[in-house]
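Secondary and tertiary structure notes
One-letter residues, chain by chain:
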Amino acid sequence: MQSGYLAKRVEMLEKTVDGAGGLSKQVNVLRTEFLQSKDETRSESAAMRAEMKEMRADLIARIEAGDQETRSLMRLLHEEVIARLVLLHEGLNGRRKKSTRAKKRRTH
């Protein structure tokens, strides 16, 4: 009895593995789906890398433009400070000259 039961079980297993909806067909379907998914993921990753590279280039360009603007503003502010210092220096020297002249006049 055991051998008949065992033979029947082996036969059922073979039918399951090789049958219309058998295991080998299911494995092939899953393999195909996996390979398709892998290809899609690869192409999407490549597209994402390209987009990120483009975004990086755009970001670098914006930063460089901002740096140029900052340098221009710094240069302008520096020139303005120098001009103000010159005016202050001239104003102070004019006062000193006047005050020394006034002292000389008082002493004479």
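Residues numbered from 1 in each chain as written. Predicted model: local features only at pLDDT ≥ 70, side-chain atom pairs only at ≥ 80, totals over all residues. Heavy atoms only, no water.

A short note on the overall build of the protein chain
- Scanning the protein chain for helices and strands turns up two helices and zero strands.
- When the accessible area of the protein chain is evaluated, it comes to approximately 10600 Å², of which 60% is carbon and sulfur surface. (Helix = DSSP H or I, 4+ residues; strand = E, 2+ residues; numbered from the N terminus. Areas by Shrake-Rupley, 256 points an atom, 1.4 Å probe, with all protein chains shown as cover.)

Comments concerning the pattern of salt bridges
- Taken as a whole and assessed by the stated rule, the structure comprises three salt bridges.
- The salt bridge involving arginine 42 is made with aspartate 39; its shortest N-O contact spans 3.8 Å. Of this pair, arginine 42 and aspartate 39 both sit in helix α2 (residues 23-107), three residues apart, roughly one helical turn.
- Accessibility expressed as a relative area gives 47% for aspartate 39, which makes it partly exposed.
- Where aspartate 58 meets arginine 62, a salt bridge forms, and the shortest distance between an N and an O atom there is 3.3 Å. (Salt bridge = Lys/Arg side-chain N within 4 Å of Asp/Glu carboxyl O. Buried < 20%, exposed > 50% of the residue type's maximum accessible area, 1.4 Å probe, protein only.)

Description of a nonpolar patch on the surface
- Taken together, the side chains of Val81, Ile82, Leu85, Val86 and Leu88 define a hydrophobic patch exposed on the protein surface, amounting to about 440 Å² of accessible area.
- In this structure, leucine 85 sits in helix α2. (Patch = residues over 30% accessible without salt bridge, like charges linked within 9 Å, V, L, I, M, F, W, Y side chains within 5 Å.)

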